[in-house]
Amino acid sequence: MTPGKGAAPVKEVLAFLARAYPGARILLDHRNPFELLVATVLAAQCTDERVNRVTPALFRSWPDPPAFAKTSQGEMEDAVRSTGFYRNKAKAVRDLSAVLVERHHGHVPRTMEELTALPGVGRKTASILLGACFGVPALPVDTHVGRVSFRLGLTASKDSTRIEEDLAKAIPREKWWEFATRLGWHGRRVCIARKPRCPECGLAAVCPKRGV
């Protein structure tokens, strides 16, 4: 769908987000695309803050894809244990590192197709890499972006793929990345899941689901 009757006006949403969150950025600490890729995989069902406490030591021990690919499953499990689901995550970061070495000369690829072909990498993770590291228009739909988009009437879906499609139609392509990043910050700070802070929200006047 595209925003219909009752949806918050896209121009007003974009203008508010630009005023409220001009410096919005990815909250996962990283120095290069590989570090962000690993951090994003580790962040599944885990807070960014927790991941940021784990990754400095992780990248001191294994600084690049060849080092990750060569480490043992047990060593990696111990290193990422506190992020939860550590067995699956350890396997994913080791496997994707091996693929980076074998197919991409140790470099993180720059297309959605190549990124989502890596073990453990879905569209959201790929979109984060494309937008944050490579300047490619991208719309990562996390829980915050999905929730706030639904409340604003920019989508009628709760499915991340459909939400991405709806937002891609509603938001100018050149603004996709800044929109998703800023909307995510708004979802964390104001339009929270259980009790949205509507009286504090600069979009309350145009929000069709105020208080929901």
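These remarks concern the structure in this document. On a predicted model such as this, the values are computed, not experimentally measured, just so you know. The written sequence of each chain sets the order in which its residues are numbered from 1. Given that this is a predicted model, residues contribute local features only at a pLDDT of at least 70 and side-chain atom pairs are listed and counted only at 80 or more, while totals for whole chains, interfaces and linings are drawn from all residues. Hydrogens and water molecules were not included; the side-chain quantities draw on all heavy atoms of the structure.

1. What about the nonpolar core?
Side chains that are nonpolar tend, in soluble globular proteins, to be buried together.
Alright, step 1. We define a nonpolar core as any set of buried Ala, Val, Leu, Ile, Met, Phe, Trp, Tyr and Cys residues linked to one another through side-chain atoms lying within 4.5 Å. Only protein chains enter the accessibility calculation, which uses a 1.4 Å probe. A residue is then buried if its area is under 20% of the maximum for its type, exposed if over 50%, and partly exposed in between. Judged by nonpolar contacts, the single largest core of 37 residues is most densely connected at Leu 58 and Phe 68.
Alright, step 2. Elements are defined by DSSP. Helices are runs of H or I of four residues or more, strands are runs of E of two residues or more, and each kind is numbered from the N terminus. Only α2 (33–42), α3 (48–61), α4 (65–70), α5 (73–80), α6 (86–104), α7 (112–116) and α8 (123–134) provide two or more residues apiece to this core.
Alright, step 3. Whether two residues are in contact is decided by their heavy atoms: any pair within 4.5 Å suffices. Those residues in contact with Leu 58 that sit more than four places away from it in its chain are Val 38, Leu 42, Phe 68, Met 76, Ala 79 and Val 80.
Alright, step 4. Counting 28 residues, the second largest nonpolar core, distinct from the first, contains Val 141, Leu 152, Ile 171 and Ala 204.

2. Thoughts on the pattern of salt bridges
Alright, step 1. A pair is scored as a salt bridge if a Lys or Arg side-chain nitrogen falls within 4 Å of a carboxyl oxygen belonging to Asp or Glu. All chains considered together, the criterion is met by nine salt bridges.
Alright, step 2. Notably, a salt bridge pairs Asp 95 with Lys 91, separated by 2.6 Å at the nearest N-O pair. Remark: Lys 91 and Asp 95 occur in helix α6; sequence separation between them is four residues, near one turn of the helix.
Alright, step 3. By relative accessible area, which is 24% here, Asp 95 ends up partly exposed.
Alright, step 4. For Lys 91, a relative accessible area of 46% translates into the label partly exposed.
Alright, step 5. Measuring nitrogen to oxygen at the nearest pair gives 2.7 Å for the salt bridge that ties Arg 123 to Glu 164. Taken as a pair, Arg 123 in helix α8 and Glu 164 in helix α10 (residues 160–170) lie far apart in primary sequence, 41 residues in all.
Alright, step 6. Three or more residues joined by partner-sharing salt bridges are found here, namely Asp 48, Asp 142 and Arg 188.

3. Looking at the state of the cysteines
Alright, step 1. Working definition: a disulfide is two cysteine sulfur atoms within 2.5 Å of each other. As enumerated under the stated definition, the model contains zero disulfides in all.
Alright, step 2. With no disulfide partner, Cys 46 has as its closest neighbouring cysteine sulfur the one in Cys 133, 19 Å distant.
Alright, step 3. Take Cys 46: its relative accessible area is 18%, and that puts it in the buried class.
Alright, step 4. Note on Cys 201: no disulfide assigned, nearest cysteine sulfur contributed by Cys 191 at a separation of 6.3 Å.

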